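Okay, here's what each chain looks like letter by letter:
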Amino acid sequence: MSGGTPIERVWPAPGTGPLTDPQLTALYDRATQPHLRVNFVASADGAVTLDDYSAGLSGQPDKRVFGLLRMLCDGLLVAAGTLRHEGYGAVRLSADRRAWRRERGLAEFPTLVVVSGSLDLDPAQGCFADAPVRPLVLTRSDAVPPAGLAEVADLIRCGTDHVDLAAGLAELRRRGLGQVLCEGGPHLFGALTAADLVDELCLTVAPLLAGAGPGRITAGPASAPRHLSLRHVLAAADGVLMLRYTRDHPT
Ligand SMILES: NC(=O)c1ccc[n+]([C@@H]2O[C@H](COP(=O)([O-])OP(=O)(O)OC[C@H]3O[C@@H](n4cnc5c(N)ncnc54)[C@H](OP(=O)(O)O)[C@@H]3O)[C@@H](O)[C@H]2O)c1
């Protein structure tokens, strides 16, 4: 998968030439501590969707990194809004990527973790019905599952009036899912930011003006700003930027 539109590092230490998949993997390597990484794509003017979906913002370089990030995680965290809207199917990885995981003692596939307060979920949706690993659903204590959901997913109840994301994340870590990749959407990202749970943001910037209308990559009630450190800037030959930021740890 190293073919396609070349991606180069432009900061820090530019001029290394097109990055291979192993080099890209090293740039996004697993953390040594429990870690929550969030991945989004946005337009240059900050839109989270084009024609209501993320697909119009994404291209081959973004999909390449998106797939690598999935290979690197233990748990794949997705909010119910995005899962329903984008029609998530089963999490799939190529044979090479499954082998990469096995060689490192990881489960062959990451576990899909859905965040839903309402449990308005369709057990027949591909992400549940065809899942290679039984998904988990973080939900409220009193939420009532629809018929069939308990057959295809395990519920983790955390929080009474809302899903307590800190408690949910702690439970995932207790179950061995230390490296969590969140693929959105904006309301979940906003809530994770407000709860100060985000360790990393991987942001792809597509070189286009989407214009007014679409939302941002974050949504929901306002919260305190959180400072980040820039770790790298990658540029694809088609003008797409890939930025990696991590939490600014107090020194
Ligand atoms: N550009 C990108 O990279 C990207 C990535 C992802 C999504 N998107 C786009 O974002 C849009 C969907 O976003 P959305 O506004 O529906 O938001 P969302 O964040 O995907 O989903 C919100 C839902 O998450 C569930 N939830 C439960 N507890 C929560 C908590 N504590 N905090 C936050 N959410 C909680 C709720 O589901 P229940 O209703 O089941 O309770 C809530 O309705 C779509 O247009 C999608 O295409 C873009």
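For clarity, every value in this text was computed on a predicted model and none was experimentally measured.

A.B. asks: Can you break down the pattern of salt bridges residue by residue, with the values?
C.D. replies: Scanning the model with the defined rule gives 16 salt bridges in all. The residue R244 makes a salt bridge to E200 at a minimum N-O spacing of 2.8 Å. You can see R244 sitting in strand β10 (residues 241-247) and its partner E200 sitting in strand β8 (residues 200-206), a full 44 residues away along the chain. We classify E200 as buried; its relative accessible area is 1%.

A.B. asks: Explain the pairing of β8 to me, using residue names and the numbers behind them.
C.D. replies: It is a general feature of regular strands that their side chains alternate between the two faces of the sheet. Of all seven residues making up β8, seven are buried, and the element is well covered by its neighbours. Going residue by residue along β8, you find E200, C202, T204 and A206 tucked away on one face and L201, L203 and V205 tucked away on the opposite face as well. Across seven bridges, the pairing between strand β2 (residues 35-43) and β8 is parallel. When the bridges of β8 are listed, S43 appears paired with A206. As judged from the six bridges shared by β8 and β10, these two strands associate in the antiparallel manner. Of the residues in β10, the one forming a bridge with C202 is R244.

A.B. asks: I'd like to hear about the site of the ligand, residue by residue, with values.
C.D. replies: Around the ligand, 26 residues are found, and the nearest of them are V41, V48, T82, E86 and S116. Note that an oxygen atom of the ligand is positioned 2.9 Å from one of the backbone N or O atoms of L188. Out of a free accessible area of 930 Å², the ligand has 80% covered by protein chains. More than half of the atoms of the ligand fall within 2 Å of the grid points belonging to the largest pocket. At the level of secondary structure, the elements contributing two or more residues to the shell around the ligand comprise β2, α3 (80-85) and α8 (186-194). A per-element tally of the shell around the ligand places α3 first, with five residues.

A.B. asks: Go over the nonpolar core with me, naming the residues and quoting the values.
C.D. replies: Of all hydrophobic cores here, the largest spans 35 residues; its most connected members are Y28, L83, L121 and F128. Secondary-structure elements contributing two or more residues to this core are α1 (21-27), α2 (60-72), β3 (75-79), α3, β4 (111-115), α5 (126-129) and β9 (228-236). Per element, the largest residue contribution to this core is five residues, and it comes from α2. Non-local contacts of L83, meaning those with residues more than four positions away in its chain, are made with V78, Y88, L112, V114, L121, Q125, C127 and F128.

A.B. asks: Provide a residue-level description of the layout of surface pockets, including the pertinent values.
C.D. replies: Of the volumes computed, that of the largest pocket is approximately 740 Å³. Every residue lining the largest pocket is counted, 30 residues in all, and those nearest its centre are S54, T82, E86, Y88 and E183. Residue assignment for the lining of the largest pocket shows that the elements contributing at least two residues are β2, α2, α3 and α8. With five residues, the single largest contributor to the lining of the largest pocket is α2. Roughly 520 Å³ of internal volume is contained in the second largest pocket. In terms of lining residues, the second largest pocket is bounded by 24 residues, among which F189, T193, T218, A224 and R226 are the most central. Among the elements that take part in the lining of the second largest pocket, α8 stands out by supplying four residues, more than any other. A class-by-class count of the residues in the lining of the second largest pocket yields 13 nonpolar, six polar and five charged.

A.B. asks: Which residues make up the sheet that holds β8, and what values do they have?
C.D. replies: What the ten strands build is an open sheet, ordered β1-β9-β10-β8-β2-β7-β3-β4-β5-β6; its pairing is mixed. The sheet is open, and its two borders are formed by β1 (7-11) and β6 (154-157), each paired with just one other strand. In this sheet, neighbouring strand axes are inclined to one another by 25° on average, regardless of whether the strands run parallel or antiparallel. Sheet topology places β3 next to strand β7 (residues 179-182); three bridges connect them, and they run parallel. When the sheet's bridge partners are listed, L77 is paired in β7 with C182. α2 contacts β1, β2, β3, β7, β8, β9 and β10 of the sheet and is inclined by roughly 165° relative to β2.

How each quantity is defined
Residues numbered from 1 in each chain as written. Predicted model: local features only at pLDDT ≥ 70, side-chain atom pairs only at ≥ 80, totals over all residues. Heavy atoms only, no water. Salt bridge = Lys/Arg side-chain N within 4 Å of Asp/Glu carboxyl O. Helix = DSSP H or I, 4+ residues; strand = E, 2+ residues; numbered from the N terminus. Buried < 20%, exposed > 50% of the residue type's maximum accessible area, 1.4 Å probe, protein only. Pairing = 2+ DSSP bridges. Near = heavy atom within 4 Å. Polar contact = N/O pair within 3.5 Å; in protein donor to acceptor, adjacent residues only side chain to side chain. Areas by Shrake-Rupley, 256 points an atom, 1.4 Å probe, with all protein chains shown as cover. 1 Å grid on protein atoms, 1.4 Å probe; cavity = no way out; pocket = protein on both sides within 12 Å on 5 of 7 lines; lining within 4 Å. Sits in = over half its atoms within 2 Å of the grid points. Core = buried A, V, L, I, M, F, W, Y, C linked by side-chain atoms within 4.5 Å. Contact = heavy atoms within 4.5 Å. Points joined across faces, edges and corners; volume = space filled by probe spheres on them. Nonpolar A, V, L, I, M, F, W, Y, C, P; charged D, E, K, R; others polar. Axes fitted to C-alpha atoms, helices over the stretch in contact; angles between N-to-C directions.

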